[in-house]
Amino acid sequence: MAPPYCALPIAPRPSAGRDRANTQTQVIRKKVTKSLLKSLLCAGALAFGLPWAAQAQENNALLEALIRKGILTDQEAEDIRAGLVQEYATSNAGKIDISSNLNTLKISGDTRLRYQYDNNDAQIANTGNDRQRSRFRFRLRLNAEYDFAGPFYGGLSLESGNDANSANQTFQDGFRDYGIFISKVYLGWNAADWLTVVAGKQDNPFYTTSLVWDSDINPQGLVEVVDFHKLFGYADVETGGYSKDGKTYLGGTERRWSEPNWSLSLIAGQFIYDDNDESLFDNDQATDAFLFQTQLLFGYKLSENVQFKMAPGWLVYNAASLSNVDVFNDANIAGNAVNGATRDLSLLLLPGEVSFPLFGQSAAFIWDFAYNTSGDSRVENIYGLGGQGALSSRDRLAFLVGIKIGKAKKAGEWAFFTNYRQTGIAALDPNLTDSDFNGGALNAAGFETGVEYAMTDYLKLGLEYDYAWNLNDDLANPVSGGNVNKLLQVDLSWKF
């Protein structure tokens, strides 16, 4: 039963006497307005109990406006405030206590059930014939995002897998329980309207595709974002209002930003890749591995529905060993694993897209490009393949072209995507690229195609099929994968 203070108001019936009708109607309207106001504010406080500080600020602003309009007296407003505090303290929301240092706290998550089928045509140099595998899998992710009372914010995420490029777990091992791992923990600083700095294990800050970065990977280190477009477009806007008694107009202006039809951001990341043993001297095994990427993201609105993006960048590594990093974190079907090395990786990158309406849906033509300027040295020093004679300039190059239609965000919406890609064996870091296409291996070309349908605003069905083949067949190196790889995934996912 709702507390009396929060009970919805019911207007009394007016008297039948015509001589008193107008007077009583005015009194009734005022009483109903005040009672309804109390109920609405109370309901808002209970419904949004977690961000109580923000809700209280909004309530105070509304009450002050009603005082100026003469609808409420000062004492009536204080009575409403006191009632809200009392009801909040006795409600379920009032029993949830969050730190006074936080302005807001958002809890969210998602779950995915997946059927996955893999088929791998092994290299002749490897033992065994075609490999086939069917698995039923799941993924669980939990997120918390919060804002401090100031320019700082933070977040953390937990997920059901400890591989950098996959949080999937396979249903197996006699109904065993599964672990939870920390996938993100970071602190952000909005140093200015145009400058943001983030430290920790965080979302990938770059505009990219799965050609270079698997979407599940959360890099760890330091990121700086400079939004040059936010240095322009400011204007003085009249913000004057009335005094508390509502009689005197108080002038004033405020400098506000108006979004231009272009954007330009510099995104820089310095990431800790792997920690090595410093007791070893003067070799790659004694040097901690670092990854550095810098990107200039440019966007332009050609019209209301047509936009262009392009992000030239540079991805470079120091010379070190990855002593604890397997290229196939997610148990590639070929059974191959290689401890990689960061030497001879200096990549020029150029992802981009043009978005436009198509068949009544949002659509985008996308592309990505990567070229390893140290590709020849990597082929020789890391893979030892320079003498095989089969390698060429394409082995230093990776690219992707594709299209996506729709977004499948709301109930009844659908989305379709397809792309063609090539990944030369010396063109990319095999630990970062998409773990689904070709099992995460390089030296490949092929297609990725999928469709999604939103059953509700939170529940979605998905289907994906990948077909990949080697650029150079029977290349006796683990990072090359099999000669042909096929993948089928059927997903049921939901958000909460």
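Note: the structure precedes this text.
Below you will find a few notes about this structure. (Residues numbered from 1 in each chain as written. Predicted model: local features only at pLDDT ≥ 70, side-chain atom pairs only at ≥ 80, totals over all residues. Heavy atoms only, no water.)

Here's the deal with the environment of A468
Considering the arrangement of structural elements, one finds A468 in strand 24 (residues 459-470). Residue contacts for A468: discarding those within four places in its chain leaves F437, N438, A445, G446, N483, V484 and N485. (Helix = DSSP H or I, 4+ residues; strand = E, 2+ residues; numbered from the N terminus. Contact = heavy atoms within 4.5 Å.)

Examining the pairing of strand 21 (residues 397-406)
Examined bridge by bridge, strand 20 (residues 361-372) and strand 21 share nine bridges and lie antiparallel to one another. Within the sheet, the bridge partner assigned to A363 lies in strand 21 and is I405. The pairing of strand 21 with strand 22 (residues 414-423) spans nine bridges and is antiparallel. The residue bridging L400 from the neighbouring strand is R421, located in strand 22. (Pairing = 2+ DSSP bridges.)

Quick word on unusual backbone geometry
For D344, which is not glycine, the phi torsion reads 65 degrees and is therefore positive. Structurally, D344 can be placed in the loop between strand 17 (339-341) and strand 18 (346-349). The exposure class of D344 is buried, given its relative accessible area of 17%. The backbone of A408 sits at a positive phi, close to 50 degrees, despite the residue not being glycine. (Buried < 20%, exposed > 50% of the residue type's maximum accessible area, 1.4 Å probe, protein only.)

Here's the deal with the pattern of salt bridges
Scanning all chains against the criterion turns up 13 salt bridges. For D173, the salt bridge goes to R176, with nearest N and O atoms at 3.1 Å. Judged by relative accessible area, which is 48%, D173 ranks as partly exposed. Two residues, D203 and K184, come together in a salt bridge whose shortest N-O distance is 2.7 Å. Of this pair, D203 sits in the loop between strand 6 (195-201) and strand 7 (220-227) while K184 is found in strand 5 (residues 181-192), placing the two residues 19 residues apart along the sequence. Exposure remark for D203: the relative accessible area of 41% places this residue in the partly exposed category. Classification of K184 by relative accessible area gives buried; the value is 13%. Each of the salt bridges in this network shares a partner with another, and the network as a whole consists of D110, R139, R141 and D216. (Salt bridge = Lys/Arg side-chain N within 4 Å of Asp/Glu carboxyl O.)

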